[in-house]
Amino acid sequence: MKFERELLKGVAPVVVLEILSRGAMYGYELSEALEQRSGNILTLGRGTLYPLLYNLEAKGLIQADWQEMENGRKRRYYSITGKGKGKLASQKEQWQQLQEGVNMVFGWSAPQIAHA
Amino acid sequence: MSVSRCITRRIVRNAAIAVGLNLGASIIVELIGAHRFSVQEVLWHLLLPVCLFNVFLLAMTGGIMAAREEKLMQRWLTAWKNRRQEKEPIEHIIYHQDLPGCVADYINLIVKKMRYRGKARREVARELTGHFADALAEGASEAEKQRLAKKTIDEFGDPALLGQLIRRGKNRCRPAWIRGFQAIGVFIILFGLYTLWFVCGSPTIKIDYLAVMNKMHSQGVTDQNNAMDHYEKAESLFVEPPASVKDLIDGLDFQNSPIGKIDLTDSQWALVGKWIEQNEPAWQEFVAGSKKPHCFTELQYDSSNKEKRMAGVTYEDRNDIVKILGRHFRRLGLWRIWMDRRRGEMNQALQDCMVMIQVTRNLHNNGNLLEHMIAVLIGKNAHEEILHIIANSRLSADDLEKYQQQLAWMYPQGYLQLDIEGQRAGFLDMVQHVFTEGGIGGGHLIPGQLKFYLESTSEAESEKPPYYLISMLHSRRDETVAKGNEIWDQVDKYIKMSPYQRHIHINDSVLVNTVELPKYKYFLLRHPTPVMRGRTDSMCEAKAIHEATITVLALQRWRLAKGAYPESLQELADGGYLQQLPDDPYSDGILKYQKRGDDFVLYSLGADFEDDQGVQDTDDRRSHPWHGSGDCVFWPVPVR
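Residues numbered from 1 in each chain as written. Chains lettered and ligands numbered in written order. Predicted model: local features only at pLDDT ≥ 70, side-chain atom pairs only at ≥ 80, totals over all residues. Heavy atoms only, no water.

1. A word on the nonpolar core
And step 1. With 108 residues, the main nonpolar core has B:Phe329, B:Trp335 and B:Leu602 as its most contacted residues.
And step 2. Considering every element that reaches this core, the biggest residue donor is helix 26 (residues 533-562) of chain B, with eleven residues.
And step 3. In this structure B:Phe329 touches B:Ala234, B:Glu235, B:Phe238, B:Ala282, B:Trp283, B:Phe286 and B:Ile324, once residues within four positions along its chain are discounted.
And step 4. A:Ile19, B:Ala120, B:Phe132 and B:Leu148 belong to the second largest nonpolar core, which has 51 residues in total. (Core = buried A, V, L, I, M, F, W, Y, C linked by side-chain atoms within 4.5 Å. Buried < 20%, exposed > 50% of the residue type's maximum accessible area, 1.4 Å probe, protein only. Helix = DSSP H or I, 4+ residues; strand = E, 2+ residues; numbered from the N terminus. Contact = heavy atoms within 4.5 Å.)

Dropping the structure here:
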């Protein structure tokens, strides 16, 4: 299913941070992990991936290091920073609240009635 | 930790150990009882070289041991390898990865579209080649790899857009110090361009202010009523005093009317008389000129003044004539008067005084401050001589009336006023020569043009601010002209006030304001604005002495007619002996008059604005007759 670009635009940073929070990855590995873990629902265009990673790196949410492989080739591994972890936590909370609100509007869940 | 830092730590640690050990050893030796030498000698001659040698040994040992450790060496080799790789060409990175040609070309295109610094492009090239290598690793055959390559390329999308997005991201990753340097670089480039634009401006000269001034001052001037020809001829006929009397003639300070006796021997008087006779033709030309209402010379730019600046007009011809009138003929006139008095020819002396006063009229009609001041000086000397003549001779009532009438009608349009229009025109001419025209604020100050005007100022070289700084900070053309006109309007108003009016109303605030203007913002307005206070005071004082002289003549007429002096000046006016009461520039009224027995005193309050009852500070009379601590007394005159 192809999602609206604007919808993916908001979700891409948070899912990238979430995946990196589980371990450092290089670009190709990250894009495969995203498809795999989202059940092929979320597909981040390759043209979007690297600019997104550089933007997150510029914001200090992730950091990158070159690591040399056994075959002599180098890969740039991305890992989440402490700042990124904090950002991820707040974004996840917002997404949860957003999801609850949307679900209630769509009638997929009953509204929570506050008891006095 | 870097290799170099690690080695340094080892060396420092070992050096510290060595110093400690050696110091400890020396202390022990001393304690044991090596008392044959002083502690200082032991330390200096024996222990210090040993210490230094041990320090060197241990430090080197530590450094070598550190360098031998495999980990550090390996780190050094790795750092060296990394530095080499950082300079690896991008094409080598892309095209030596065993990727299909279309992929390599695609990556190369993305990297080119980035348009960024080399290190970042190398990183992106390595990262993208790695991504494609991983993506194509799944393909078993070449065809499969080609299909996967095409698919991945499609997934990446437009290379130009991708290059732009990557560039944007990398831009944001720049370390702060790079951003700072880039910002500084941009600032320097912009500042350089701004400076270039600033410096390369050129002025637009639209108005020939010199022609305007010439036209203004030549109104009504004809060859027949222009005194200049007579003065030029008089100068050509002038005979310098011979060496034997030159020092004598120049020796007295005529600047402020000599108050001492002119004590010459008969032979000296004879020499002076001969010199006066030799200058009779010159004097007659001078007299002819004095009868003309105008003294006009058309000012011109000389050949070296290519930019046609008013400030570059040297006024040589004119100033020479003026200086000659002020020096040669003023002295000649005074010596003629003194000679006439010595011979008892008072009427001739008074006529010579009138000639000198007449000259002041046509020196005033041109807006040149120097000429105004010369006129003031000539007039002041002449009036003082008239007062001396009146005091020391018995003139008939008819003579008194004749001379009083001549003086009263000397300035039919009122006593002369300073005219600053020449200075204002000079300022506007300077503006059009140093500012560009148009643009923000009407134009900016051009550094190269400013140099000419700054070089002509009296400030020391070390005190002159840099031209470029002034140009950058100076107000724009429109604002400068508006401010300049405001100041000139204030000055024009100022010069029309008497010293007393200025004293009670504005207290020299006009001049204070020009000095207190922001130094660089209104730099041009701080210099050409003349210091007017002294000049305007001189004009007021000259007017006062003129009116005082007329008043004294009227008083003498009254005495001859009535047998005694009047009780007040108002009686003179009421009796028709005086048309206008004399104003005191240093008070809000007229000159002070007191009848004292058979005589009277006529005085001004002077610069202290206080009535000292006609008592003058005689010590100050010579240098500052108006500015001493007492009054300025016109009558009685000092005995000569």
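2. What to know about the sheet that holds strand 3 (residues 74-80) of chain A
Across a sheet, paired strands are connected by hydrogen bonds in the backbone, their directions being either parallel or antiparallel.
And step 1. Taken together, three strands build an open sheet; the order of strands is 1-3-2 (chain A) and the sheet is antiparallel. Looking along the sheet, the strands with just one partner apiece sit at the ends: strand 1 (25-26) and strand 2 (62-68) of chain A.
And step 2. Summarising the sheet, strand 1 of chain A and strand 3 of chain A pair through two bridges and their orientation is antiparallel. Residue pairing for strand 3 of chain A: A:Tyr26 is matched across the bridge by A:Tyr77.
And step 3. Along the sheet, helix 3 (residues 46-58) of chain A contacts strand 2 and strand 3 of chain A; its crossing angle with strand 3 of chain A, the most-contacted strand, is approximately 55°.
And step 4. In the packing of helix 6 (residues 118-136) of chain B onto the sheet, contacts are made with strand 1, strand 2 and strand 3 of chain A, and the angle to strand 3 of chain A comes to roughly 95°. (Pairing = 2+ DSSP bridges. Axes fitted to C-alpha atoms, helices over the stretch in contact; angles between N-to-C directions.)

3. Looking at helix 22 (residues 477-495) of chain B
Residues and elements named next belong to chain B.
And step 1. Over its 19 residues, helix 22 runs 26 Å from end to end, which matches the ideal 27 Å to within 8%, given 1.5 Å per residue.
And step 2. Every buried residue belonging to helix 22 is among Arg-477, Thr-480, Gly-484, Ile-487, Trp-488, Val-491, Tyr-494 and Ile-495, and all of these are buried. Relative to the axis of helix 22, the buried residues are bounded by an arc of 115° and lie together on one face. (Expected span 1.5 Å × (residues − 1). Arc of directions from axis to C-beta.)

4. Brief notes about the interface of chain B and chain A
And step 1. Chain B puts 24 residues into the contact, and the matching count from chain A is 21 residues.
And step 2. Summed over both sides, the interface of chain B with chain A buries roughly 2,000 Å², with 55% coming from carbon and sulfur.
And step 3. It is B:Glu127, B:His131 and B:Asp134 in chain B that bury the most area against chain A; as a group they hold 31% of the surface buried on that side.
And step 4. Linking chain B with chain A are four salt bridges, by the criterion used here.
And step 5. Salt-bridge contacts for B:Asp134 lead to A:Arg73; the nearest nitrogen and oxygen are separated by 2.8 Å.
And step 6. Inspection of the region where chain B meets chain A yields eight residue pairs in polar contact (both at pLDDT 80 or more).
And step 7. Only helix 3 (70-86), helix 6, helix 7 (142-156) and helix 8 (159-172) of chain B provide two or more residues apiece to the side of chain B that touches chain A. (Buried area = accessible area lost by both parts, 1.4 Å probe. Salt bridge = Lys/Arg side-chain N within 4 Å of Asp/Glu carboxyl O. Polar contact = N/O pair within 3.5 Å; in protein donor to acceptor, adjacent residues only side chain to side chain.)

5. Description of the sheet that holds strand 3 (residues 632-635) of chain B
All names here are of chain B.
And step 1. Spatial strand order, 1-2-3: three strands in an open sheet with antiparallel pairing. Edge positions in the sheet fall to strand 1 (592-596) and strand 3, since each has one partner strand and no second. Here the average twist between neighbouring strands, direction ignored, is 30°.
And step 2. Two strands pair when backbone bridges link them, and strand 2 (residues 599-604) and strand 3 are joined in this way by three bridges, in the antiparallel orientation. Of the residues in strand 3, the one forming a bridge with Leu-602 is Trp-635.

6. Description of unusual backbone geometry
All names here are of chain B.
And step 1. Between Trp-635 and the following residue, Pro-636, the backbone shows a cis peptide bond with an omega angle of 0°.
And step 2. With respect to the secondary-structure elements, Pro-636 resides in the segment after strand 3.
And step 3. Here Phe-609, not a glycine, exhibits a phi torsion of approximately 60°, which is positive.
And step 4. Positioned with a positive phi, Gln-613 is a non-glycine residue whose angle comes to about 60°.
And step 5. Structurally, Gln-613 can be placed in the loop between strand 2 and strand 3.
And step 6. For Gln-613, a relative accessible area of 39% puts it in the partly exposed group.

7. As for the pattern of salt bridges
Where side chains of opposite charge bring their charged atoms close, a pairing between them can arise.
All names here are of chain B.
And step 1. A full pass over the atoms with the stated rule returns 28 salt bridges over all chains.
And step 2. Two residues, Arg-342 and Asp-266, come together in a salt bridge whose shortest N-O distance is 3.0 Å. Of the two residues, Arg-342 is situated in helix 15 (residues 316-342) and Asp-266 in helix 13 (residues 266-278); the sequence distance between them amounts to 76 residues.
And step 3. Owing to a relative accessible area of 43%, Arg-342 belongs among the partly exposed residues under this scheme.
And step 4. Of the charged contacts in the structure, one is a salt bridge between Arg-502 and Asp-537, with a shortest N-O distance of 2.1 Å. Note that Arg-502 is positioned in helix 23 (residues 499-505) and Asp-537 in helix 26, a separation of 35 residues in sequence. Each member of the pair, Arg-502 as well as Asp-537, carries the same accessibility label: buried.

8. Focus: the packing of helix 5 (residues 101-114) of chain B against helix 6 of chain B
Residues and elements named next belong to chain B.
And step 1. It is at 10 Å that the axes of helix 5 and helix 6 come closest, and there the two elements cross at 155°. One element, helix 5, and the other, helix 6, form an angle in the roughly antiparallel class. Helix 6 is crossed by helix 5, and the crossing has right-handed handedness. For the pair helix 5 and helix 6, the contacting residues are Val-103, Tyr-106, Ile-107, Ile-110, Val-111 and Met-114 in the first and Ala-120, Arg-121, Val-124, Ala-125, Leu-128, Thr-129, Phe-132 and Leu-136 in the second.
And step 2. A breakdown of the residues in the contact of helix 5 with helix 6 according to their chemical character gives twelve nonpolar, one polar and one charged. (Parallel < 35°, antiparallel > 145°, perpendicular 65-115°, else oblique. Left-handed = near helix turned anticlockwise from the far one by under 90°. Nonpolar A, V, L, I, M, F, W, Y, C, P; charged D, E, K, R; others polar.)

9. Here we look at the side chain of B:Gln358
And step 1. One can find B:Gln358 in helix 16 (residues 346-363).
And step 2. Those residues in contact with B:Gln358 that lie beyond four places of it in its chain are B:Ser290, B:Lys291 and B:Met410.

10. Observations regarding the packing of aromatic side chains
And step 1. Considering all chains together, one arrives at 22 aromatic pairs over all chains under this definition.
And step 2. Ring geometry for A:Phe106 against A:Trp108: centres 4.9 Å apart, planes inclined by 70°, an arrangement best described as edge-to-face.
And step 3. Judged by its relative accessible area of 62%, A:Trp108 falls in the exposed class.
And step 4. Plain terms: the ring middles of B:Phe286 and B:Phe329 are 4.9 Å apart, the flat faces sit at 5° to each other, and that makes the pair stacked. Of the two residues, B:Phe286 is situated in helix 14 (residues 280-290) and B:Phe329 in helix 15; the sequence distance between them amounts to 43 residues.
And step 5. For B:Phe329, a relative accessible area of 0% translates into the label buried.
And step 6. In textbook terms, an aromatic cluster arises when at least three aromatic residues are bridged by ring pairs, as seen for B:Tyr231, B:Phe238, B:Trp275, B:Trp283, B:Phe286 and B:Phe329.
And step 7. The positively charged end of A:Arg75 is found above the aromatic ring belonging to A:Tyr26, 4.1 Å away from the centroid.
And step 8. The ring of B:Trp558 has B:Lys562 sitting right over it, with the charged end atom 4.9 Å from the ring centre. (Phe/Tyr/Trp six-rings, centres within 6.5 Å; stacked < 30°, edge-to-face > 60°. Lys NZ or Arg CZ within 6 Å of the ring centre and 35° of its normal.)

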